[in-house]
Amino acid sequence: MRSQEPRSSSSCAACKFMKRRCTLHCLFAPYFRADEPKKFAKVHKVFGASNVTKILNEVPEPQRQDAVNSLVFEAEQRLKDPVYGCIGAIASLQDKMFQLQHDLAVAKARLARCSTRTSYPSCSTTSPFSMLDGEFGMTSFDAFVVDQGCGLTTELRQHPFP
């Protein structure tokens, strides 16, 4: 665990940023090492040092590293996208996941169809994307329904965030 590691004599990134002397019991030292000054600068810019102190004091010691990692991620995303912040990043990843689920369902359906009929025209060596348009009775994949094999279906729709 980082908090048990001995520190060098230099100040942590937080104390350097705030231009104060780093003590032996500095709350920030185990999580904001001296060689990572931008890490604390981002967190400080978004949350402020006093709020980070309050958060770290409320979190149990074993979970503090995870809390700091979350604060750093949220701060980086908020600086990249001031409107949506980390929600925009999560929504983007969800969109990618939905698209990949859709692509997998299409590939499984096509594979199942090709394994039953090897002479089916779309089972040739042409590009698989050229055969998808209208393949399942639709021209857009915005509302594609995936059968999960047990009678349950998942409807995949475009997420409202970018």
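Residues numbered from 1 in each chain as written. Predicted model: local features only at pLDDT ≥ 70, side-chain atom pairs only at ≥ 80, totals over all residues. Heavy atoms only, no water.

Attention shifts here to the nonpolar core. Grouped together as the largest cluster of nonpolar side chains are 20 residues, with contacts concentrated most on Cys12, Cys26, Phe28, Phe32, Phe40, Val43 and Leu56. When contributions to this core are tallied by element, the ones reaching two or more residues are α1 (13-17), α2 (37-47), α3 (49-58) and α4 (64-80). It is α4 that provides the largest number of residues to this core, a total of four residues. Those residues within four positions of valine 43 in sequence are excluded, and the remaining contacts are Phe32, Gly48, Val52, Leu71, Val72 and Ala75. (Core = buried A, V, L, I, M, F, W, Y, C linked by side-chain atoms within 4.5 Å. Buried < 20%, exposed > 50% of the residue type's maximum accessible area, 1.4 Å probe, protein only. Helix = DSSP H or I, 4+ residues; strand = E, 2+ residues; numbered from the N terminus. Contact = heavy atoms within 4.5 Å.)

Our focus in this paragraph is the environment of cysteine 22. Assignment of secondary structure puts cysteine 22 in the loop between α1 and α2. The exposure class assigned to cysteine 22 is buried, which follows from its relative accessible area of 12%.

A word on α3. Within α3 the residues assigned to the buried category are Ala49, Val52 and Leu56. Seen from one end, α3 has its buried residues packed into an arc of 60°, which puts them on one side. Facing away from the buried side of α3 by more than 90 degrees, the exposed set consists of Lys54, Asn57 and Glu58. If you follow the buried residues of α3, they end up packed against α2 and α4. (Arc of directions from axis to C-beta.)

Within the chain, lysine 19 stands out as a residue other than glycine whose phi angle is a positive 55°. Checked against the element boundaries, lysine 19 lands in the loop between α1 and α2.

So, about the state of the cysteines. This structure, assessed with the given rule, holds zero disulfides. Among the cysteines around cysteine 15, which has no disulfide bond, cysteine 12 carries the closest sulfur, lying 3.5 Å off. Left unpaired, cysteine 22 is separated from the closest cysteine sulfur, that of cysteine 15, by 3.7 Å. (Disulfide = S-S within 2.5 Å.)

What follows is about the packing of α2 against α3. Remark: α2 packs on α3, axes separated minimally by 7 Å, with the N-to-C direction vectors making an angle of 100°. The pairing of α2 with α3 is recorded here as roughly perpendicular in orientation. Mapping the contact onto sequence places Phe40, Val43, His44 and Phe47 in α2 and Ala49, Asn51 and Val52 in α3. The residue makeup of the contact of α2 with α3, split by class, is five nonpolar, two polar and no charged. (Axes fitted to C-alpha atoms, helices over the stretch in contact; angles between N-to-C directions. Parallel < 35°, antiparallel > 145°, perpendicular 65-115°, else oblique. Nonpolar A, V, L, I, M, F, W, Y, C, P; charged D, E, K, R; others polar.)

Bringing the pattern of salt bridges into the picture now. Counted according to the given criterion, the structure contains five salt bridges. The partner of glutamate 36 in a salt bridge is lysine 39, with the nearest N and O atoms 3.6 Å apart. Take glutamate 36: its relative accessible area is 23%, and that puts it in the partly exposed class. Assessed through its relative accessible area of 16%, lysine 39 is described here as buried. Two residues, glutamate 61 and arginine 64, come together in a salt bridge whose shortest N-O distance is 3.4 Å. With relative accessibility at 34%, the residue glutamate 61 sits in the partly exposed group. (Salt bridge = Lys/Arg side-chain N within 4 Å of Asp/Glu carboxyl O.)

Here α4 is 17 residues long and its end C-alpha atoms lie 24 Å apart, about the 24 Å a rise of 1.5 Å per residue gives. Turning to α4, its buried residues number three or more, namely Arg64, Gln65, Ala67, Val68, Leu71, Val72, Ala75 and Gln77. If you follow the buried residues of α4, they end up packed against α2, α3 and α5 (86-116). (Expected span 1.5 Å × (residues − 1).)

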